[in-house]
Amino acid sequence: GRSMLVKGFIDFKIRTLSLINKTAEERYAKLIDSKPEIFQNASLKHIASYLGVTDTSLSRIRKKFTQKSFLAKWQDFKRVKLKPLYYINFYTYG
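### A few points about helix α4 (residues 44-51)
All buried positions along α4 are accounted for by Ile47, Ala48 and Leu51. Along the axis of α4, the buried residues cluster in a sector spanning 100°; they form a single face. Along α4, the residues that are exposed and aim more than 90 degrees away from the buried face are Lys45, His46 and Ser49. The first or second residue beyond α4 is Gly52, which carries a positive phi of 80°.

Written out as structure tokens, the structure reads:
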């Protein structure tokens, strides 16, 4: 009863403050971290509304995050030092 009401009020207050103090990208990143399953269950229009942005803005944010994710993976791939094939001794691998 009362504890659920208090928790709901606290969640509402935190969300309202984040709409004021955080950028849309920060709110999107937090939503991905805290509730990733929401992207499977809710439409993008509802997610945009929850984040306080338009559908178009959410599309831009998602595109930016996808590009950042790709670039981060590419940077990780470039950091890995691969041995040239002629250094591998094929006779030890039976």
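### A look at the packing of helix α2 (residues 24-34) against α4
Direction vectors running N to C along α2 and α4 enclose 120°, while the axes themselves pass 10 Å from each other. Comparing their axes, α4 and α2 come out oblique. For the crossing formed where α2 meets α4, the hand is right-handed. Residue-level contacts link Arg27, Tyr28 and Leu31 of α2 to Ile47, Tyr50 and Leu51 of α4. Considered class by class, the residues forming the contact of α2 with α4 number five nonpolar, no polar and one charged.

### Remarks on the side chain of Arg27
Here Arg27 is to be found in helix α2. The charged side chain of Arg27 is buried without a salt bridge, its nearest counter-charge being Glu26 at 6.9 Å. With residues up to four places along the chain from it excluded, the contact list for Arg27 reads Ser18, Leu19, Lys22, Leu51, Gly52 and Val53.

### Quick look at the packing of aromatic side chains
Where two aromatic rings form a pair, the distance of their centres and the angle of their planes describe that pair. Scanning the model with the defined rule gives two aromatic pairs in all. Taking 4.9 Å as the distance between ring centres and 70° as the angle between the ring planes, the aromatic pair formed by Tyr28 and Phe65 counts as edge-to-face. Taken together, the residues Tyr28 in helix α2 and Phe65 in helix α5 (residues 55-79) connect sequence positions 37 residues apart. Judged by relative accessible area, Tyr28 falls into the buried class, the value being 6%. Of the residues examined, Phe65 reaches a relative accessible area of 23% and is grouped as partly exposed. Among the aromatic residues, those joined into a cluster by ring pairs are Tyr28, Phe39 and Phe65. Sitting over the face of the ring of Tyr50, Arg15 holds its NZ or CZ atom 4.2 Å from the ring centroid. Over the ring of Phe65 we find Lys68; its NZ or CZ atom is 5.5 Å from the centre of that ring.

What counts and how
Residues numbered from 1 in each chain as written. Predicted model: local features only at pLDDT ≥ 70, side-chain atom pairs only at ≥ 80, totals over all residues. Heavy atoms only, no water. Buried < 20%, exposed > 50% of the residue type's maximum accessible area, 1.4 Å probe, protein only. Helix = DSSP H or I, 4+ residues; strand = E, 2+ residues; numbered from the N terminus. Arc of directions from axis to C-beta. Axes fitted to C-alpha atoms, helices over the stretch in contact; angles between N-to-C directions. Parallel < 35°, antiparallel > 145°, perpendicular 65-115°, else oblique. Left-handed = near helix turned anticlockwise from the far one by under 90°. Contact = heavy atoms within 4.5 Å. Nonpolar A, V, L, I, M, F, W, Y, C, P; charged D, E, K, R; others polar. Lys, Arg positive; Asp, Glu negative; His and termini not counted. Salt bridge = Lys/Arg side-chain N within 4 Å of Asp/Glu carboxyl O. Phe/Tyr/Trp six-rings, centres within 6.5 Å; stacked < 30°, edge-to-face > 60°. Lys NZ or Arg CZ within 6 Å of the ring centre and 35° of its normal.

Interpretation in functional terms is not warranted from these geometric data alone.
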